[in-house]
Amino acid sequence: AGPWRAFAGLLALNALLATLACLCVLLVEPRAKGSGIPEVKAYLNGRRVPRALGLRALLAKAVGVCFAVSADLVVGKEGPMILAGAAVAYLVPRALARLAPPLLGLNKASTERD
């Protein structure tokens, strides 16, 4: 009963981690499913892809991939890294645009383009 009990425990742990990975993506941001490369390519080609590169998608993808790898599922490294890099590149300028004018003492008129 010893080896079977250990096997059942590992099987239950892997099933729990895989379920957490699925729930993370389904409940936090459903747009984070898949590799993310088609969404990034669509955005780079000028298509608007709502919520594909937002903070929730980044967090759901990062946490979901951590759970999936912990469950010993096969996860490609290219897709999640491309989505994470694109999401950071999408989010950082927007955060700086909100934070920089008040910190530098600029008014809204001086930061707008003609």
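Sequence positions are assigned chain by chain, starting from 1 and proceeding in written order. Per-residue local features are limited, in this predicted model, to residues with pLDDT of at least 70; the limit for side-chain atom pairs, both in listing and counting, is 80 or more; totals at the level of whole chains, interfaces and linings are taken over all residues. Remark: hydrogens and water are excluded; side-chain values derive from all non-hydrogen atoms of the structure.

Visitor: Quick one: what's the story with the packing of aromatic side chains, residue by residue and with numbers?
Guide: Each Phe, Tyr or Trp ring (for Trp, its six-membered ring) is paired with any other whose centre lies within 6.5 Å, and the angle between the two planes then decides the class: stacked below 30 degrees, edge-to-face above 60, tilted in between. By the definition in use, this model includes two aromatic pairs. Plain terms: the ring middles of Trp-4 and Phe-7 are 6.2 Å apart, the flat faces sit at 90° to each other, and that makes the pair edge-to-face. A residue pair is termed a helical-turn pair when its members lie 3 or 4 positions apart in one helix, as Trp-4 and Phe-7 do in helix α1 (residues 2-28) at three residues. Note on Tyr-43 and Tyr-90: the rings are 5.6 Å apart at their centroids and 90° apart in plane angle, and the pair reads as edge-to-face. With Tyr-43 in helix α2 (residues 37-44) and Tyr-90 in helix α4 (residues 78-104), this residue pair connects regions lying 47 residues apart in the sequence. The exposure class of Tyr-90 is partly exposed, given its relative accessible area of 25%. When the ring centre of Tyr-90 is taken as origin, the NZ or CZ atom of Arg-94, which lies over that ring, is 3.9 Å away. We count a stretch as a helix when DSSP gives it H or I for four or more residues in a row; a strand needs E for two or more, and each element gets its number in order from the N terminus. Burial classification: accessible surface area is computed with a 1.4 Å probe over protein chains only, and a residue below 20% of its type maximum counts as buried, one above 50% as exposed, and the rest as partly exposed. Here, over-ring charges are defined by two tests on the NZ atom of lysine or the CZ atom of arginine: distance to the ring centre within 6 Å, and angle to the ring normal within 35 degrees.

Visitor: I'd like to hear about the side chain of Lys-61, residue by residue, with values.
Guide: Residue placement: Lys-61 occurs in helix α3 (residues 55-70). Note on charges: Lys and Arg go in the positive column, Asp and Glu in the negative column, and His and the chain ends are not counted at all. By salt bridge we mean one thing: a side-chain nitrogen of Lys or Arg within 4 Å of a carboxyl oxygen of Asp or Glu. Although Lys-61 is buried, it forms no salt bridge, and the closest oppositely charged side chain is Glu-39 at an N-O distance of 7.0 Å. Side-chain polar atoms of Lys-61 contact the backbone oxygen of Gly-34, separated by 2.2 Å. Any N or O atom pair separated by 3.5 Å or less is treated as a polar contact, with the protein-specific requirement of one donor-capable and one acceptor-capable atom, and with residues adjacent in sequence counted only for side-chain atom pairs.

Visitor: Tell me about a nonpolar patch on the surface, and please be specific about residues and values.
Guide: A contiguous nonpolar patch, built from Leu-10, Leu-13, Leu-16, Leu-20, Leu-23, Leu-26, Leu-27 and Val-28 and spanning about 730 Å² of accessible area, is present on the exposed surface. For Leu-20, the position within the fold is in helix α1. Classification of Leu-20 by relative accessible area gives partly exposed; the value is 32%. Patch criteria: residues need more than 30% relative accessible area and no salt bridge. Like-charged residues are merged within 9 Å; nonpolar side chains of Val, Leu, Ile, Met, Phe, Trp and Tyr are merged within 5 Å. With residues, only the protein chains shown are counted as cover, and all accessible areas are computed by Shrake-Rupley using a 1.4 Å probe.

Visitor: Tell me about the side chain of Glu-39, and name the residues and values.
Guide: By the secondary structure assignment, Glu-39 is in helix α2. At 5.2 Å, Arg-31 is the nearest oppositely charged side chain to Glu-39, a buried residue that forms no salt bridge. Note on contacts: a residue pair qualifies if any of its non-hydrogen atoms lie within 4.5 Å across the two residues. Dropping the residues within four chain positions of it, Glu-39 is found in contact with Arg-31, Lys-33, Val-49 and Ala-52.

Visitor: So what about unusual backbone geometry? Which residues, and what values?
Guide: One non-glycine residue, Arg-51, lies in positive phi territory at about 65°. Examined against the element boundaries, Arg-51 turns out to sit in the loop between α2 and α3. Its relative accessible area of 53% is what places Arg-51 among the exposed residues. Positioned with a positive phi, Asp-72 is a non-glycine residue whose angle comes to about 65°. Checked against the element boundaries, Asp-72 lands in the loop between α3 and α4. By relative accessible area, which is 63% here, Asp-72 ends up exposed.

That is the geometry; function is a separate question.
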